[in-house]
Amino acid sequence: MPQIDPTERSIILVTLDSCRYDVAVNAHTPNLDRLGPLHRAESPGTYTLPAHAALFNGFLPRPVLGALTLGGRSVDSIWRSAAARPTKRRTAVPFDGPTLMAHYREKGHRVIGAGGVTFFDSSDPANQLPGLFPEFLYFGRPSRSPISKENRITDREEQLTLAHTEKIANQCLEAERFFLFLNCPSTHIPYTTPWSPLTDRNGELLRRLYQRHDTKVSASSTATLTGEDTQMLLTMQKQALEWADSRLSDLFSRVAARHPLVVVCADHGEEFGEGGRFGHGHPHPTVSTVPLWCGLLDEG
Ligand SMILES: [Zn+2]
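It should be emphasised that the depicted structure is a prediction, and the values quoted were computed from it without experimental measurement.

J.: How do you make sense of the packing of aromatic side chains when you look at a structure like this?
T.: We describe a pair of aromatic rings using the distance from one ring centre to the other and the angle between the two ring planes. Evaluation of the coordinates by the stated rule reveals nine aromatic pairs. With a centroid separation of 4.9 Å and 90° between ring planes, the pair formed by Phe56 and Phe181 is classed as edge-to-face. With Phe56 in the loop between helix H3 (48–55) and strand S3 (62–63) and Phe181 in strand S10 (residues 178–184), the pair connects residues that are 125 residues apart, well separated along the chain. Across the pair, Phe181 and Phe56 agree in class, each one buried. Site record: aromatic cluster; members linked through ring pairs are Phe56, Phe120, Phe133, Phe136 and Phe181.

Encoded structure:
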């Protein structure tokens with residue numbers, strides 16, 4: 001096993017958009033499990049923009065209990081910005097610079113981002129996140145496309161970032177070292193993937209769920225989803241996570257020779273009416289509590 005200083009590694013940073021912690025606990029994720037144990041963590045943001053703004057400054061969702069282990073070394077955090085308050089907390093990679101991307105670019109890494117939720121549509125000048133990357137690939141629907149049943153409640157594959165692992169890996173491997181960020185929309189509403197396809201039943205449920213999102217209808221009204229409905233949504237997100245896990249296996253195998261440091265987390269979770277609301281953007285525990293995995297690929 002090569003002993004490479006974590007500060008000199010290639011990096012893969014993945015956000016599984018909207019993935020709930022309890023869904024991750026119940027999912028079969030053998031490839032993510034290769035990285036290390038699943039941590040219950042708390043996100044600093046309740047929706048995509050603030051969560052990623054923090055993430056790109058090194059502030060990952062923080063484990064509720066215990067430290068992280070990287071290559072046998074116990075750390076309290078993986079990255080720590082020089083802009084943060086001084087601390088005695090143990091950090092794997094302290095960094096200067098305004099963002100992780102600027103830091104790794106300065107170190108000579110090839111910095112590549114890819115995404116699928118509309119905050120990452122790099123063609124929209126209102127989106128600030130993709131502009132933080134010298135190279136960004138966007139696979140989702142146009143951020144300003146009209147909202148319709150057809151473009152929201154739909155089967156998805158090409159729109160999913162992890163459907164493009166061969167292209168993304170090849171770009172990374174052109175460089176000696178890389179920093180790769182992937183925002184993965186498979187676990188974001190409508191939760192459809194090749195392993196969780198659209199059906200008459202879940203399509204009708206998604207139509208009602210979008211109505212709750214659009215109107216912010218309270219779960220205490222007659223619009224409440226049934227327990228069976230909620231279970232179907234949890235199952236769809238679980239299947240979407242398991243599909244993402246299988247695609248990450250493909251990505252990991254393509255870049256394994258570089259032994260990257262890998263961090264996978266959700267940017268925020270999702271509420272299915274437990275506290276009276278649906279979706280995210282508000283601080284309910286199902287929104288703030290997220291899964292986190294990290295490890296040095298092929299070194300446990
Ligand atoms: Zn998000």
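J.: What should I look at first to understand the coordination of the zinc ion in this one?
T.: For a metal bound by four donors in a tetrahedral arrangement, the ideal donor-metal-donor angle is 109.5 degrees, while six donors in an octahedral arrangement ideally sit at 90 or 180 degrees. At 2.1 to 2.7 Å from the zinc ion lie its protein donor atoms, namely Asp17 (OD), Asp17 (OD), Thr48 (OG1), Asp267 (OD) and His268 (NE2). Within one chain, the residues donating to the zinc ion are spaced in sequence as D-x30-T-x218-D-H. Highlighted residues: Thr48 in helix H3 and His268 in the loop between strand S11 (261–265) and strand S12 (271–272), separated in sequence by 220 residues. The class for Thr48 is buried, based on a relative accessible area of 3%.

J.: What is the right way to read helix H7 (residues 200–215) from this model?
T.: Residue pairs spaced three or four apart in an α-helix point in one direction, given the helix's 3.6 residues per turn. Taking 1.5 Å as the rise per residue, H7 with 16 residues should run 22 Å; its terminal C-alpha atoms sit 23 Å apart, in good agreement. Looking at the buried positions of H7, the neighbouring elements they touch are helix H5 (149–152), helix H8 (227–255) and strand S13 (278–279).

Conventions used here
Residues numbered from 1 in each chain as written. Predicted model: local features only at pLDDT ≥ 70, side-chain atom pairs only at ≥ 80, totals over all residues. Heavy atoms only, no water. Phe/Tyr/Trp six-rings, centres within 6.5 Å; stacked < 30°, edge-to-face > 60°. Helix = DSSP H or I, 4+ residues; strand = E, 2+ residues; numbered from the N terminus. Buried < 20%, exposed > 50% of the residue type's maximum accessible area, 1.4 Å probe, protein only. Donors = N, O, S within 2.8 Å, 3.2 Å for Na, K, Ca; no water. Expected span 1.5 Å × (residues − 1). Contact = heavy atoms within 4.5 Å.

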